Amino acid sequence: MRELTSRQKAAQIIISLGTDLASNVYKHLEEEEIEKLTYEIARQESIPPEYADQVIDEFYGLCVAQKVYLEGGITYARNVLEKAFGVQQAAALLERVTKTLRTKAFEFIRKADYKNLMNMIVNEHPQTIALILSYARADQASAIISELPNDVKIDVVERIAKMDRTSPSIIKQVEAILEKKFESVISVDLLDVGGINYIAEIMNNMDRGTEKFIFDELGKKDPKLTEEIRKRMFIFEDIITLDTFSIQRFLREVDTKDMAIALKGANKEVSDIIFQNMSQRMAETVRSEIEYLHNIRVRDVEDAQQKIVAIIRRLEEEGEIVITKGGKDDIIV
């Protein structure tokens, strides 16, 4: 049974609700969300009953998980969910709910321009910067970290990676400094914040030059932590870990000029597997582009590779391809 994307699942829930309830849901959505959801509903194909039931069951589980988590805290929620859904599904539901609830704190930060946010926090203690960036968007955090002084940069990355959970009272104090009113107090024992998965997401949004510097320096301080972060990231060289379908899928989205520049600085193994999965016409075009490339800056190569990685990660988020690096996903063939 094929896996539906998050947008397809959301569309299926709205369809299942019926027009009256669906219109009430729409009142609480942002314009961009309405546009994306409506587009997905319009292109929704006929879904077999077993798919619809599966989506509704998943949505129900998430609703239950959020309710018990907010009412009783993480320990209570885990006990209830494990009895209702089993250990494995309970863990998955809790992980998704805590990630969603985390975005409620510091909501104003995620709407801010990263330069304004940078000016606001640049003189704070590295631990405070790390906490704030754990609630920022990954693209904001990566841009800010890239501009921090080198010694602070490594310190902040290390603190985010090692951050686990933080008391809501501490979060409230920090947020009060940045905004007069603490808009979202979540009544849980501890809030998941930062961590290796989150810093990996930040690093995936970072330019290759800054990424290399951080890994080189952090590797000297904490090789084990550095390796753990790498395992959770997807970088250009990891294209060799993708299956044939995934490579052919992302190649349809890549500009041939970007690919030519990216391959100019790629190792032979990556180049070979990419050319093997290209159409003959595309391969000829890319090879022709490469021949005419001279005096290409390393920064240009890194930027082109980062564009391609961004396409791959977007396709993964949309459920179009699967990335299995680091053993995060169990795949059933």
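Up top you'll find the structure we're talking about.
Let me begin by describing the structure that accompanies this report. Computed from a prediction, not measured in an experiment: that's the story for all the values here. (Residues numbered from 1 in each chain as written. Predicted model: local features only at pLDDT ≥ 70, side-chain atom pairs only at ≥ 80, totals over all residues. Heavy atoms only, no water.)

**Side note on the pattern of salt bridges**
Put simply, the rule is: By definition, a salt bridge exists where a carboxyl oxygen of Asp or Glu is found within 4 Å of a side-chain nitrogen of Lys or Arg. When accessible area is computed with a 1.4 Å probe and restricted to protein chains, residues below 20% of their type maximum are described as buried, those above 50% as exposed, and intermediate ones as partly exposed. Secondary structure elements follow DSSP: runs of H or I of four or more residues count as helices, runs of E of two or more count as strands, with numbering from the N terminus.
Within the structure shown, the criterion is met by 15 salt bridges. In this structure, the salt-bridge partner of Glu253 is Arg249, at a minimum N-O distance of 3.0 Å. The partly exposed category is assigned to Glu253, whose relative accessible area is 34%. Arg249 gets classed as buried once you look at its relative accessible area, which sits at 10%. Across the pair Asp303 and Arg299 runs a salt bridge, and its minimum N-O distance is 3.2 Å. Of this pair, Asp303 and Arg299 both sit in helix α19 (residues 298-317), four residues apart, which is roughly one turn of the helix. Its relative accessible area of 31% is what places Asp303 among the partly exposed residues. Under the relative-accessibility criterion, Arg299 is labelled partly exposed at 46%. Here the residues in one salt-bridge network are Arg249, Glu253, Arg314, Glu318 and Glu320, joined through shared partners.

**Some details on the side chain of Arg249**
Spelled out, the test is: Any two residues having at least one pair of non-hydrogen atoms within 4.5 Å are treated as being in contact.
Within the secondary structure, Arg249 is located in helix α15 (residues 244-251). Ignoring sequence-local partners within four residues, the contact set of Arg249 consists of Leu315, Glu320 and Ile321.

**Quick notes on a negative patch on the surface**
Counted only if it meets this: Patch membership requires over 30% relative accessible area and the absence of a salt bridge. Like charges are linked within 9 Å, and nonpolar side chains (Val, Leu, Ile, Met, Phe, Trp, Tyr) within 5 Å. Accessible surface area values rest on a Shrake-Rupley calculation with a 1.4 Å probe, where residue burial reflects the displayed protein chains alone. Charge counting follows a simple rule: Lys and Arg are positive, Asp and Glu are negative, and His as well as the terminal groups are ignored. Charge positions are represented by NZ for Lys, CZ for Arg, CG for Asp and CD for Glu.
A surface patch of negative charge is lined by Glu30, Glu31, Glu33 and Glu35. Within the secondary structure, Glu35 sits in helix α3 (residues 31-42).

**Describing helix α9 (residues 138-147)**
Within α9, seven of the ten residues are buried, which leaves the element mostly enclosed by the surrounding structure. The complete set of buried residues in α9 reads Ala138, Gln140, Ala141, Ser142, Ala143, Ile144 and Ile145.

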